[in-house]
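Residue-level structural notes
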Amino acid sequence: MLDAFFNWLLDQQLLISSAIMFLLLLERKLLSQLSARLVYTLWALLPISLLLANLPEHLKPIQNDFISKLTITPNTAIMPQFTLTWFAIYGFISAALLITAVYFHYRFLAKLQLAPITLDQHSNQSMRLYQSNQVSSPMVVGVINTKLVLPTNYQSHYNSHALALILEHESVHIKRKDNLINAIALSATILLWFNPVAWLGYASLRRIQELSCDEQVLKNKSTEQRILYSKALVNCASFSRTGLMAYSQYGDKNTMLQRLNQIKQIDNSSFIAKTALVIFTAGMLSSFAIAKQPMSVEKTKDYQAVMRVEPIYPIQAAEQGISGSVVLKYDILPSGATSNVSVVSAEPEGVFNREAIRALKQWQYAPSESGFKNALVQLDFALDENYQAKDLIEKIKVSSK
């Protein structure tokens, strides 16, 4: 189960890294022309792209009915003996990081010793307010049942107007379920601990989350209120803590400078830039949805492979006595190389996919003028010659009378 998930995860790295780099570019270079709230919303692009890119292949039409076959048997002499060790290392590090994050969260919550605030000036707040001498700046704690916690000496740090703006800032986090989003994002980043782009993306998500929150709070606010809010942010940041936490924080010095600069540019976003970004994003998502549609105009059997690389039989499958098959769809370029390799169906799911894809990407066909779209091959992984592989794609002939 772990190896199948890890193989799938590795296959998604190009898509994940590309989407994160796109969002990083928006935050670092184009935010002055865009709305921070829009960029924060566009982080939904990442899970949506993964969903569209991993739609079951049987939902996509297949035009040709010729499926070539190749049988693969174990060859212990060339099996990668390190594979099981690598899976164990990945699982150990992922589990250690997840346990560490959960431990620090629960230890932090246990130390809070919350005391409810029942002062009249806070009675109109819909959120639950608490105070604690363990926090140094306002903070929303909890993932599902959130609470807004103020430091016990908050009255000496903020006047009533500044405090009202800070409470409005935290209420935005609560309404948007930002702590839950952060917990999910942190968990996903930990599962991608080997990809440095994922950690950069997580930090960017947290920054843009605060920028979008500032933007929402200061919408329709006066210049005096914006100045007061900026001073309150600086005061909060001077006491803010950072760490492997899912709770919203006020950030380090560089993040605070970015937030203050963005506050000055809240009203300077370009409608044209935002519209162009939405159109571009919609087009990019559409490309995932319609990717690899059939364009076949020739017969697959007219093309002969001049070089086939046989997949390596996965060591775990061989040790567990598992046989199976994978049907792959791919394109043949005019040069004879293969591209756009994807799994149409597999039995059992996820066991042989990675090795099948890796090998097929190295196949070479005779060069042609136009190449070929949507070729099909079924790779049968058999522990012995008596294994009877079944066709994973049903072929139906339809004729008119």
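Below is a summary of the structure that appears in this document. A quick note: this is a predicted structure, and the numbers were derived from the prediction, not measured.

Examining the overall build of the protein
- A count of helical and extended segments in the protein gives 14 helices and ten strands.
- The buried share of the protein, taken over its 401 residues, is 46%.
- Put simply, 77% of the contacts in the protein that link residues at least 6 apart link residues at least 24 apart.

Describing the packing of helix α2 (residues 13–29) against helix α4 (residues 45–53)
- At their nearest, the axes of α2 and α4 sit 10 Å apart, and the two run at 150 degrees to each other. With respect to each other, α2 and α4 are oriented roughly antiparallel. Remark: the crossing between α2 and α4 carries right-handed chirality. Where α2 abuts α4, its residues L15, I16, A19, I20 and F22 lie against L45, L46, S49, L50 and A53.

Regarding the packing of aromatic side chains
- Tallying each qualifying case throughout the model produces eight aromatic pairs.
- On the basis of an interplanar angle of 20 degrees and a centroid distance of 6.0 Å, the ring pair of Y90 and W193 is categorised as stacked. A residue pair is termed long-range when its members are at least 10 positions apart, and Y90 in helix α5 (residues 83–111) and W193 in the loop between α8 (178–191) and α9 (196–218) qualify at 103 residues. The two residues Y90 and W193 agree in class, both being buried.
- When the centroid spacing of 4.4 Å and the interplanar angle of 15 degrees are considered together, the rings of F352 and F381 count as stacked. In this pair, F352 sits in the loop between β8 (338–347) and α14 (353–360) while F381 sits in strand β10 (residues 372–381), placing the two residues 29 residues apart along the sequence.
- In this structure an aromatic cluster arises from ring pairing among Y90, W193 and F194.
- Note that R308 overlies the ring of W363, its terminal NZ or CZ placed 5.1 Å from the centroid.

Observations concerning the pattern of salt bridges
- Inspection of the entire model under this criterion finds five salt bridges.
- Among the salt bridges present, the one from E168 reaches K221, with a minimum N-O distance of 3.2 Å. One end of the pair, E168, is in helix α7 (residues 160–175); the other, K221, is in the loop between α9 and α10 (223–237), and 53 residues separate them in sequence.
- In this structure E168 comes out as partly exposed when scored by relative accessible area, which is 29%.

Focus: the nonpolar core
- I20, L26, W43 and I208 are the most contacted members of the largest nonpolar core, which totals 35 residues.
- Sorting the residues of this core by element identifies α1 (2–11), α2, α3 (36–41), α4, α5, α8 and α9 as the ones contributing at least two each.
- The element contributing the most residues to this core is α2, with eight residues.
- Ignoring any residue separated from it by four or fewer positions in sequence, one finds W43 in contact with I20, L23, G201, S204, L205 and I208.
- One finds L129, L148, Y158 and L165 within the second-largest nonpolar core, a separate group that totals 24 residues.

Let's talk about the side chain of D331
- Here D331 is to be found in strand β7 (residues 324–332).
- By relative accessible area, which is 6% here, D331 ends up buried.
- Setting aside anything within four residues of it in sequence, one finds D331 in contact with A337, T338, S339, N340, F372, K373 and N374.

Considering the environment of K361
- By the element assignment, K361 lies in the loop between α14 and β9 (364–365).
- For the pair K361 and Y330, spaced 31 residues apart in sequence, the C-alpha separation works out to 8.8 Å.
- Those residues in contact with K361, other than ones at most four positions away along the chain, are T338 and V341.

Quick notes on the pairing of β7
- β7 sits mainly inside the fold: nine of its nine residues count as buried.
- Across the two faces of β7 the burial is the same, with G324, V326, L328, Y330 and I332 and S325, V327, K329 and D331 all buried.
- Alignment of β7 against β10, held across eight bridges, turns out to be antiparallel. Its bridge partner being in β10, V327 is matched across the sheet by Q378.

Description of the sheet that holds strand β5 (residues 147–151)
- The strand order across the open sheet formed by four strands is β2-β3-β5-β4, and the pairing between neighbours is mixed. Both outer strands of the open sheet, β2 (115–116) and β4 (139–141), are each paired with one neighbouring strand and no more.
- When strand β3 (residues 129–132) meets β5, the two strands line up parallel, connected through four bridges. Its bridge partner lying in β5, Q131 is registered against L150.
- Each of β3, β4 and β5 is contacted by α7, which is oriented at about 150 degrees to β5, the strand it contacts most.

Let's talk about the pairing of β3
- Bridge count for β2 against β3 is two bridges, and the pairing is antiparallel. By the bridge assignment, P116 is partnered in β3 with Y130.

A word on the packing of α7 against α9
- Here α7 crosses α9 at 125 degrees, and the two axes come no closer than 9 Å. With respect to α9, the axis of α7 lies oblique. Every pair of crossing elements has a handedness; the one defined by α7 and α9 is right-handed. Residues L165, E168, H169, V172 and H173 of α7 touch α9, and the partners they reach there are Q209, E210, C213, D214, Q216 and V217.
- When grouped by side-chain class, the residues that make up the contact of α7 with α9 number four nonpolar, four polar and three charged.

So, how was this worked out
Residues numbered from 1 in each chain as written. Predicted model: local features only at pLDDT ≥ 70, side-chain atom pairs only at ≥ 80, totals over all residues. Heavy atoms only, no water. Helix = DSSP H or I, 4+ residues; strand = E, 2+ residues; numbered from the N terminus. Buried < 20%, exposed > 50% of the residue type's maximum accessible area, 1.4 Å probe, protein only. Contact = heavy atoms within 4.5 Å. Axes fitted to C-alpha atoms, helices over the stretch in contact; angles between N-to-C directions. Parallel < 35°, antiparallel > 145°, perpendicular 65-115°, else oblique. Left-handed = near helix turned anticlockwise from the far one by under 90°. Phe/Tyr/Trp six-rings, centres within 6.5 Å; stacked < 30°, edge-to-face > 60°. Lys NZ or Arg CZ within 6 Å of the ring centre and 35° of its normal. Salt bridge = Lys/Arg side-chain N within 4 Å of Asp/Glu carboxyl O. Core = buried A, V, L, I, M, F, W, Y, C linked by side-chain atoms within 4.5 Å. Pairing = 2+ DSSP bridges. Nonpolar A, V, L, I, M, F, W, Y, C, P; charged D, E, K, R; others polar.

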